[in-house]
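Below are the chains, spelled out letter by letter.
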Amino acid sequence: ETGVTQTPRHLVMGMTNKKSLKCEQHLGHNAMYWYKQSAKKPLELMFVYSLEERVENNSVPSRFSPECPNSSHLFLHLHTLQPEDSALYLCASSHRQGRQFFGPGTRLTVL
Amino acid sequence: DQQVKQNSPSLSVQEGRISILNCDYTNSMFDYFLWYKKYPAEGPTFLISISSIKDKNEDGRFTVFLNKSAKHLSLHIVPSQPGDSAVYFCAASDLGSSNTGKLIFGQGTTLQVKP
């Protein structure tokens, strides 16, 4: 238990669906991150929020839309995804430059 | 261009022996390095870190060595235990220029420790 939770743990969706991934941290951190892990690839940083403000967007397609309503919650809204978007999506949190604590991830399959 | 590389996708060692996992980086601005461990169906968990002002950091059975001139770091686990079997990720950060703790990860090395 790292203090970072993610729901759902598994998600199967069609290419026309809209779904959201949720992340919650109970560690009092002020930075939150979304990563994508595809098979046999490094973890790819998608978005960084610091003090609820998006500070980094690593050329992620607009079909992924993050939202950070407060310092404890982070969402990733998904719409019109492609099969190649199937991956493990990991959320992490940290103090601004501290080590990151990861959630268990959401295994996403796009049909 | 991959800035952090773990060139060995897998490693198998006997219980009780030493495991050595390697990581190379290309960005000389990196000043903070971490190792994470990941079991299936779980997120990565922090293992050990090292600042660029040091060349060694030890925590129990785990030691990380940093060779800045070679842009190389390694993780030593001794003695290795079957419970150490997992995927190990090396990560690097440029704390001097980033205010967000952004990490660049390697591809991971799968360690198997045989009883």
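Before reading further, recall that the structure is shown in the block above.
Residues numbered from 1 in each chain as written. Chains lettered and ligands numbered in written order. Predicted model: local features only at pLDDT ≥ 70, side-chain atom pairs only at ≥ 80, totals over all residues. Heavy atoms only, no water.

Undergrad: Give a detailed account of the overall build of chain A, specifying residues and quantitative values.
TA: Of the regular secondary structure elements, chain A holds zero helices and 11 strands. Ordered by position from N to C terminus, the α and β elements of chain A give β-β-β-β-β-β-β-β-β-β-β. For chain A, the C-alpha atoms occupy an extent of roughly 35 × 25 × 25 Å along the three principal directions. Relative to its 111 residues, chain A shows a buried fraction of 47%. Contacts in chain A between residues at least 24 apart in sequence constitute 53% of all its contacts with a sequence separation of at least 6. As displayed, chain A has an accessible area near 5200 Å², and 49% of this comes from carbon and sulfur atoms. Side-chain charges in chain A split into 12 positive and 9 negative, and the spacing between the mean points of these groups amounts to 6 Å. (Helix = DSSP H or I, 4+ residues; strand = E, 2+ residues; numbered from the N terminus. Buried < 20%, exposed > 50% of the residue type's maximum accessible area, 1.4 Å probe, protein only. Contact = heavy atoms within 4.5 Å. Areas by Shrake-Rupley, 256 points an atom, 1.4 Å probe, with all protein chains shown as cover. Lys, Arg positive; Asp, Glu negative; His and termini not counted. Charge placed at Lys NZ, Arg CZ, Asp CG, Glu CD.)

Undergrad: So what's going on with the interface of chain A and chain B? Which residues, and what values?
TA: Chain A puts 23 residues into the contact, and the matching count from chain B is 22 residues. Counting the surface lost from both chain A and chain B, the interface buries some 1700 Å², and carbon and sulfur atoms represent 58% of this. It is Pro42(A), Gln97(A) and Arg99(A) that lose the most area in chain A upon contact with chain B, and together they represent 31% of the buried surface on that side. Taken together, the connections running from chain A to chain B amount to zero salt bridges. Connecting chain A to chain B are one residue pair in polar contact (both at pLDDT 80 or more). Mapped by element, the contributors of at least two residues to the side of chain A that touches chain B are strand 4 (31–37), strand 5 (44–50), strand 6 (53–57) and strand 9 (87–94) of chain A. (Buried area = accessible area lost by both parts, 1.4 Å probe. Salt bridge = Lys/Arg side-chain N within 4 Å of Asp/Glu carboxyl O. Polar contact = N/O pair within 3.5 Å; in protein donor to acceptor, adjacent residues only side chain to side chain.)

Undergrad: Which residues make up a nonpolar patch on the surface, and what values go with them?
TA: All names here are of chain B. Together, Ile18, Ile20 and Val78 make up an exposed nonpolar region whose accessible area comes to about 220 Å². Structurally, Val78 can be placed in the loop between strand 8 (72–77) and strand 9 (86–93). For Val78, a relative accessible area of 42% puts it in the partly exposed group. (Patch = residues over 30% accessible without salt bridge, like charges linked within 9 Å, V, L, I, M, F, W, Y side chains within 5 Å.)

Undergrad: Give me the environment of Ile104(B): which residues, what numbers.
TA: Residue and element names in this part refer to chain B. Examined against the element boundaries, Ile104 turns out to sit in strand 10 (residues 104–105). With 79 residues separating them along the chain, Ile104 and Tyr25 place their C-alpha atoms 9.7 Å apart. With near-sequence residues (within four places) excluded, Ile104 lies in contact with Gln3, Val4, Phe30, Cys90, Ala91 and Ala92.

Undergrad: How would you sum up the sheet that holds strand 7 (residues 64–70) of chain A? Please name residues and give values.
TA: All names here are of chain A. Read from one edge to the other, the open sheet built from four strands follows the order 1-3-8-7, with strand pairing classed as antiparallel. A single partner strand is all that each edge strand has here, and the edge strands are strand 1 (4–7) and strand 7. Strand-to-strand twist across the sheet, computed as the mean angle between neighbouring axes with direction ignored, equals 20 degrees. With four bridges connecting them, strand 1 and strand 3 (residues 18–25) associate as antiparallel partners. Counted as the bridge partner of Thr7 is Lys22 from strand 3. (Pairing = 2+ DSSP bridges. Axes fitted to C-alpha atoms, helices over the stretch in contact; angles between N-to-C directions.)

Undergrad: Provide a residue-level description of the sheet that holds strand 3 (residues 19–25) of chain B, including the pertinent values.
TA: Residues and elements named next belong to chain B. In spatial order, the strands read 1-3-8-7-6; together these five strands make up an open sheet with antiparallel pairing. Strands at the two margins of the open sheet, each flanked by one partner only, are strand 1 (4–5) and strand 6 (56–59). Of the pairings in the sheet, the one linking strand 3 to strand 8 comprises six bridges and is antiparallel in character. Following the sheet pairing, Leu21 is matched in strand 8 by Leu75.

Undergrad: How would you explain the nonpolar core if you had to name every residue and give the values?
TA: Ranked by internal contacts, the top residues of the largest apolar core, which has 23 residues, are Phe33(B), Trp35(B), Leu73(B), Leu75(B) and Tyr88(B). Elements represented by at least two residues in this core include exactly strand 3, strand 4 (32–38), strand 5 (45–51), strand 7 (62–67), strand 8, strand 9 and strand 11 (109–114) of chain B. Sort the elements by how many residues they give to this core and strand 9 of chain B lands first, with four residues. For Phe33(B), the residues in contact, after removing those within four places along its chain, are Tyr25(B), Ile48(B), Ser49(B), Ile50(B), Ser52(B), Leu66(B), Leu73(B), Ala91(B) and Ala92(B). One finds Met13(A), Val60(A), Leu74(A) and Leu108(A) within the second-largest nonpolar core, a separate group that totals 22 residues. (Core = buried A, V, L, I, M, F, W, Y, C linked by side-chain atoms within 4.5 Å.)

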